[in-house]
Amino acid sequence: MTTGSPYPLGLRLAGRRVVVVGGGAVATRRVPALLDAGADVLLVAPELTPALRAHVDAGRLHWEPRRFVPADLDGAWLVQVAVDDPVAAAAVSAAAAERRIFCVRADDRTAATAWTPAVTRHGPVTVAVLGGGDPRRAMTVRDAVRDLLSVRPDLAGGGTGGAPGRVALVGAGPGDPELITLKGWRLLTEAEVVVADRLVPGLLLDELRQDVELVDASKIPYGPSRAQEEINRILVDRARAGKVVVRLKGGDPYVFGRGGEELLACAEAGVPVTVVPGVTSAVAVPAVAGVPVTHRAVAHEFTVVSGHVAPDSPTSLVRWEALAGLRGTLVILMGLKNLAAISGTLIAHGRPAQTPAAVIQEGTTSAQRMLRSTLGAVAADVTAAGLRPPAVVVVGDVVDALTGGQPDT
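Residues numbered from 1 in each chain as written. Predicted model: local features only at pLDDT ≥ 70, side-chain atom pairs only at ≥ 80, totals over all residues. Heavy atoms only, no water.

(A) Spotlight on the pairing of strand β5 (residues 102-105). Inspection of the sheet shows strand β4 (residues 76-81) paired to β5 by four bridges, in the parallel sense. Following the sheet pairing, valine 79 is matched in β5 by cysteine 103. Handedness of the crossover joining β4 and β5 through helix α3 (residues 86-99) is recorded here as right-handed. (Pairing = 2+ DSSP bridges. Helix = DSSP H or I, 4+ residues; strand = E, 2+ residues; numbered from the N terminus. Right-handed = clockwise from strand over helix to strand, strands pointing away.)

This is how it looks when you write it as structure tokens:
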């Protein structure tokens, strides 16, 4: 077959079947962009990363928990091979060629019939760069274009350039990838290692350079304490090896994110740390849903509390009886599982059952859902509506401040 320059196209995949073979780190990077394009994604893999499993659980894609068979490509428009087994990848390529379906190969660009470009997104503009088979060249040009679109004066480069290793604790924001700060995004473009949480916006991972090591922190085994120790070890070890490490966390690193524990671990090991605050879901998610956490003549205070521990648990550090006596806004994170107990405790200690309440699921994303209710009925309403984590609960008169108490449309 003769070779030539690639012919660039913008594929309109909305409602069209795309098959992804493989459930590891490469698929974790590629699937969010396919979902954002509206593709009907079929994922074929015996096992998945927790981030991909979250997409399955949310009903965003279909998963076949087994090895690939040629019939998986029936009705497909595109296939992405995200496995490192050359024999298995070649089998998918052969099946795609028989059906005249373009095939992207993560393991072998020369054997692929389509290449994934280096991509940057800025509002309605999507720029895709092909570097003639050289991923580093494509990334360099992509980064320059992204800086221009963001009206940034400096060009963000990758790698340490011989400098000592370092760690950046970066808040990725509440879900919308454009809500990461400019500094956080710049550090992400410089990263050689990214340690990411499950709630990190997937499109940010899709823009990482090909040579970046992606560590899925939600996949680390053991209990919460042991898993945190392992994350701390990874940060320190990679930085000591001279790497630029970004610990990418949903929301803000210090709002129920264990960022303080990670900073202390790095400081004890002598590793320099940069902390980049993130847009926290406690404020951003209600705001995007039309609920200001404060409002003139309505609320002069707001309190953010974790609801992951039930009010009657001996391990709870929250004085719910004191919160019940406040007149301002109460924002509850990670509280859906214990919402019935939380609302009951607040009412028992004096917060009126008719106090407006709202629950916003997956706020700031295209999957956002919102429910308005009252403190006395919200737990039952959430169950009836089928809302699930991640979700933010807001209790207070601000829930109706911008609507006049009118129901959602």
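(B) Region of interest: the sheet that holds strand β1 (residues 17-21). What the five strands build is an open sheet, ordered β3-β2-β1-β4-β5; its pairing is parallel. Pairing within the sheet leaves two strands with one partner each, and these edge strands are β3 (62-64) and β5. Neighbour to neighbour, the strand axes of the sheet diverge by 20° on average, direction disregarded. Two strands pair when backbone bridges link them, and β1 and β4 are joined in this way by five bridges, in the parallel orientation. Within the sheet, the bridge partner assigned to valine 19 lies in β4 and is valine 79. Most of the contacts of α3 go to β5, to which it runs at about 165°, and overall it touches β1, β4 and β5. (Axes fitted to C-alpha atoms, helices over the stretch in contact; angles between N-to-C directions. Contact = heavy atoms within 4.5 Å.)

(C) Expanded view of the confidence of the model for the protein. The pLDDT averaged across the protein works out to 91; a share of 92% of its residues lies at or above 70. Note that residues 151-162 has pLDDT below 50 and, in this model, 26 contacts with residues that lie over four places away or in other chains. (pLDDT = per-residue confidence, 0-100.)

(D) Structural context of the nonpolar core. In terms of nonpolar packing, the biggest core is built from 21 residues, with Trp320, Leu330, Ile332, Leu339, Leu346 and Val359 touching the most fellow members. Counting only elements with at least two residues in this core, the list comes to α10 (320-324), β14 (329-333), α11 (339-348), β15 (356-361), α12 (378-385) and β17 (391-395). Those residues in contact with leucine 330 that lie beyond four places of it in its chain are Thr303, Val305, Trp320, Leu323, Leu346, Val393, Val394 and Val395. Grouped together as the second largest cluster of nonpolar side chains are 20 residues, Val20, Val31, Val41 and Leu61 included. (Core = buried A, V, L, I, M, F, W, Y, C linked by side-chain atoms within 4.5 Å. Buried < 20%, exposed > 50% of the residue type's maximum accessible area, 1.4 Å probe, protein only.)

(E) Just the packing of α11 against α12, in detail. Viewed as axis vectors pointing N to C, α11 and α12 meet at an angle of 160°, and their least axial separation amounts to 8 Å. By the angle class used here, α11 and α12 are roughly antiparallel. Crossing angle aside, the handedness with which α11 passes α12 is right-handed. Note on element contacts: α12 touches α11 through Val378, Ala379 and Val382, opposite Leu339, Ala340 and Ser343. The residue inventory of the contact of α11 with α12, partitioned by class, reads five nonpolar, one polar and no charged. (Parallel < 35°, antiparallel > 145°, perpendicular 65-115°, else oblique. Left-handed = near helix turned anticlockwise from the far one by under 90°. Nonpolar A, V, L, I, M, F, W, Y, C, P; charged D, E, K, R; others polar.)

(F) Here's a closer look at the pattern of salt bridges. Under the definition given, this model contains 23 salt bridges. The shortest N-O distance in the salt bridge between arginine 238 and glutamate 213 comes to 2.8 Å. With arginine 238 in helix α7 (residues 224-240) and glutamate 213 in strand β10 (residues 213-216), the pair connects residues that are 25 residues apart, well separated along the chain. The closest approach of N and O atoms between glutamate 362 and arginine 388, which form a salt bridge, is 2.9 Å. (Salt bridge = Lys/Arg side-chain N within 4 Å of Asp/Glu carboxyl O.)

(G) How the structure looks around unusual backbone geometry. Cis geometry is found at the peptide bond from proline 389 to proline 390, where omega equals -5°. Inspection of the secondary structure puts proline 390 in the loop between α12 and β17. One non-glycine residue, arginine 100, adopts positive backbone phi at about 60°. One non-glycine residue, threonine 364, lies in positive phi territory at about 75°.

(H) Representation of the sheet that holds strand β13 (residues 302-306) in the model. With mixed pairing, five strands are arranged side by side in an open sheet as β13-β14-β17-β15-β16. Each edge of the open sheet is held by one strand with a lone partner, namely β13 and β16 (369-374). Each strand axis lies, on average, 20° off the axis of its neighbour in the sheet, ignoring direction. Running over the sheet, α12 touches β15 and β16 and is turned about 150° from β16.

(I) Focus on the side chain of histidine 55. Mapped onto the fold, histidine 55 is located in helix α2 (residues 50-57). Histidine 55 has contacts with Val31, Pro32, Leu35, Arg60 and Leu61, leaving out every residue within four places of it along the chain.

(J) Up close: the side chain of serine 93. Within the secondary structure layout, serine 93 lies in helix α3. Classification of serine 93 by relative accessible area gives buried; the value is 13%.

(K) Focus on the pairing of β14. Counting buried positions along β14 yields five of five residues, so the element is predominantly enclosed. Side chains Thr329, Val331 and Leu333 project from β14 onto one buried face, and the interleaved Leu330 and Ile332 project onto a second face that is buried too. As defined by bridge partners, β13 adjoins β14 across five bridges and the pair is classed as parallel. Paired with phenylalanine 302 across the strands is threonine 329, a residue of β14. Relative to β17, β14 runs antiparallel, the two being bridged by four bridges. Directly across from leucine 333, in β17, lies its bridge partner valine 392.

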